[in-house]
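Below, each chain spelled out in residue letters.
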Amino acid sequence: LAHRGYILKNYPEGILMPSERRPTLMRSKGIHDLTALERFQLVDALKNNVLTIKSIPTLDACKSLTKSRAPVIVGEAPTAHSPHTHGRRVFANGWIDRRGLTRLGNTSTS
């Protein structure tokens, strides 16, 4: 993604991120690391335009992606009941952090 100047936005919260390893596996096998349900959720997000790909037109912005100064994948905001305050981000070097989108507010009425 980074070398082509693309960012993946709103990656579903409950799905293993690219470069993230499932603790029960010795080595990563890419998309095969995902459960059937996770694969279905990922496809559903793509079909419903929740998971989107954004093109980065400027050379400086592309350099920021390839040098891991800016994330190439930005996860969706965690739900109001999530223990996490921010969503996940993945950088070109494989680094994953939790400094993405802020957790959604509670929408229930009292």
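To keep things clear, this report deals only with the structure shown in the data block. Since the structure is predicted, the reported quantities are computational estimates derived from the model, not experimental observations. (Residues numbered from 1 in each chain as written. Predicted model: local features only at pLDDT ≥ 70, side-chain atom pairs only at ≥ 80, totals over all residues. Heavy atoms only, no water.)

What follows is about the sheet that holds strand β3 (residues 73–75). What the five strands build is an open sheet, ordered β2-β1-β3-β4-β5; its pairing is mixed. Looking at the sheet topology across the chains shown, the edges are occupied by β2 (52–55) and β5 (96–97). Relative to β2, strand β1 (residues 6–11) is paired through four bridges, and the arrangement is antiparallel. The partner of Lys9 across the bridge, within β2, is Thr52. (Pairing = 2+ DSSP bridges. Helix = DSSP H or I, 4+ residues; strand = E, 2+ residues; numbered from the N terminus.)

Let us look at the nonpolar core. Among the nonpolar cores identified, the biggest contains 18 residues, and Tyr11, Leu42, Leu51, Leu65 and Ile73 are the most heavily contacted of them. Those elements that provide at least two residues to this core are β1, α1 (36–47), α2 (59–66) and β3. For this core, the element with the most residues is β1, which contributes three residues. Ignoring sequence-local partners within four residues, the contact set of Leu65 consists of Ala2, Gly5, Tyr6, Ile7, Ile56, Ala70, Pro71, Val72 and Ala92. (Core = buried A, V, L, I, M, F, W, Y, C linked by side-chain atoms within 4.5 Å. Buried < 20%, exposed > 50% of the residue type's maximum accessible area, 1.4 Å probe, protein only. Contact = heavy atoms within 4.5 Å.)

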